[in-house]
Amino acid sequence: MKPKIWLSSPHMSGNELSYINEAFDTNWVAPLGPNVNGFESDLQFYLKDNKHVAALASGTSALHLSLIMLGVSHGDEVICQSKTFSASANPIVYQGASPVFVDSERDTWNMCPEQLEIAIKDRISKGTKPKAIIAVHLYGMPYKADEINEVALKYSIPVLEDSAESLGSLYKGKNCGTLGDFSILSFNGNKIITTSGGGAIVTKSKELKQHAVFLATQARDDAPHYLHSQIGYNYRMSNILAGIGRGQMRILDSHVAKRRSNHQFYFDAFNHNSKITFLKEPKGYFSNRWLSCILLDSKETREGLRLALEKENIESRPLWKPMHQQPIFKDYPSYLNGVSDELFEKGLCLPSGSNLTDNELERIASTINSYFVTC
Ligand SMILES: *Cc1c(COP(=O)(O)O)cnc(C)c1O
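This write-up is about the structure you can find in this document. Small disclaimer: the values here were computed from a predicted structure and weren't measured.

### Overview of the nonpolar core
One broad rule of soluble globular proteins: the nonpolar side chains tend to lie buried together.
At step 1: Counting 57 residues, the largest nonpolar core has Leu43, Ile79, Leu116, Tyr139, Leu167 and Phe187 as the members making the most contacts within it.
At step 2: No other element matches the 5 residues that helix H2 (residues 34-47) contributes to this core.
At step 3: Both domains that furnish three or more residues to this core are identified here as domain 1 (16-249) and domain 2 (252-374).
At step 4: Apart from the residues within four sequence positions on either side, tyrosine 139 is in contact with Trp109, Glu165, Ser287, Asn288, Arg289, Trp290, Leu291, Cys293, Leu319, Trp320 and Cys349.
At step 5: By size, the runner-up hydrophobic cluster in this structure holds 33 residues, among which are Leu67, Ile68, Ala132 and Leu160.

### Quick look at the pairing of strand E15 (residues 347-350)
At step 1: Residues Gly347 and Cys349 of E15 are buried on one face, and the alternating residues Leu348 and Leu350, pointing to the opposite face, are buried as well.
At step 2: Inspection of the sheet shows strand E12 (residues 292-296) paired to E15 by 4 bridges, in the antiparallel sense. Counted as the bridge partner of serine 292 is leucine 350 from E15.
At step 3: Of the pairings in the sheet, the one linking strand E13 (residues 317-318) to E15 comprises 2 bridges and is antiparallel in character. When the bridges of E15 are listed, proline 318 appears paired with leucine 348.

### Some points on the site of the ligand
At step 1: Around the ligand sit 15 residues, and of these Thr60, Asp162, Glu165, Ser186 and Lys191 come closest.
At step 2: In this structure, glycine 198 approaches the ligand through a main-chain N or O atom, which is 3.4 Å from an oxygen atom.
At step 3: Its free accessible area being 380 Å², the ligand has 95% of it covered by the protein chains.
At step 4: Class assignment of the residues belonging to the shell around the ligand gives a composition of 4 nonpolar, 8 polar and 3 charged.

What counts, and where the lines are drawn
Residues numbered from 1 in each chain as written. Predicted model: local features only at pLDDT ≥ 70, side-chain atom pairs only at ≥ 80, totals over all residues. Heavy atoms only, no water. Core = buried A, V, L, I, M, F, W, Y, C linked by side-chain atoms within 4.5 Å. Buried < 20%, exposed > 50% of the residue type's maximum accessible area, 1.4 Å probe, protein only. Helix = DSSP H or I, 4+ residues; strand = E, 2+ residues; numbered from the N terminus. Domains from an automatic or database assignment. Contact = heavy atoms within 4.5 Å. Pairing = 2+ DSSP bridges. Near = heavy atom within 4 Å. Polar contact = N/O pair within 3.5 Å; in protein donor to acceptor, adjacent residues only side chain to side chain. Areas by Shrake-Rupley, 256 points an atom, 1.4 Å probe, with all protein chains shown as cover. Nonpolar A, V, L, I, M, F, W, Y, C, P; charged D, E, K, R; others polar.

Functional significance is not addressed by these values, which are geometric in nature.
What follows is the structure, given as structure tokens:
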């Protein structure tokens, strides 16, 4: 069996261990310490725009805290992009609220601003104004932030920006992760940088950050004993894992460059193939190309190609199955135009790691080429 080629695997810089050793040497083996503070300031420096970042246990916990801080509670409705990973939507249900799913548009594969407005109007006419909008930059491609924000502003609904897949992407010169009322990042093992598991909430003020940290550390009131006047969470990032994050921040931009060059490699190799199309960057958009995705001409071609790659021990994966099709979410309201269903049928994510070698890329390309010769 040929060695496995993964879709997206962790890629260390070599600097991570020195931060971890420092944590051990100084006994900061806890969910606070110099690496947590250092990682947060690295992220703030990177994101710019005067943001305040709190490092958390996961992107999912960052989404959950954001919803809590937006006041989402039992009986509320929250609009969520249907085409996404389930972690975008689950925290809505943690809060006892209901998701309302909105379909995608074709230019970025993210939330369609027209469908968003249709959904908001319809929910309002049914008597419930949505409490928040969760928009996602899938695979690193920024969503149409101006258009989404315009609709959100028109109805005074805050936007929660799920930037789990898009650290290093830019929208009209601004970093993804700075475009919402709250934003979240993920450092899971498959993301563009990783702390093995981790995430962050990005807020607009020091006070909001402090409140997020308060909630993430069991909501302890100011007293010598343990005093609680609200429900808390254990969502803070470990100082050990933050050490990995500090090492990863030093190579974030080179990881973005490598992922973009993977995408360029696939584009050059297959753009002439009439059965394969690519998602282009609209003007003013800069994608980190977290995953390189292609669209095939049919579901059959897509599945055939996936199996041909699997036979060669190459991992690939269909695009996210939309939430409105998921057994757990299918009974919630959804506002659909067919785009995310079609993308799910025809789309395939190809291996995209920043540690892919030229030989591995050639192996992938020749497997794809022989599939199209024989199919
Ligand atoms: C990975 C991911 C998350 C969740 O992040 P975790 O750190 O794994 O909890 C949320 N949303 C999207 C779009 C993701 O890809």
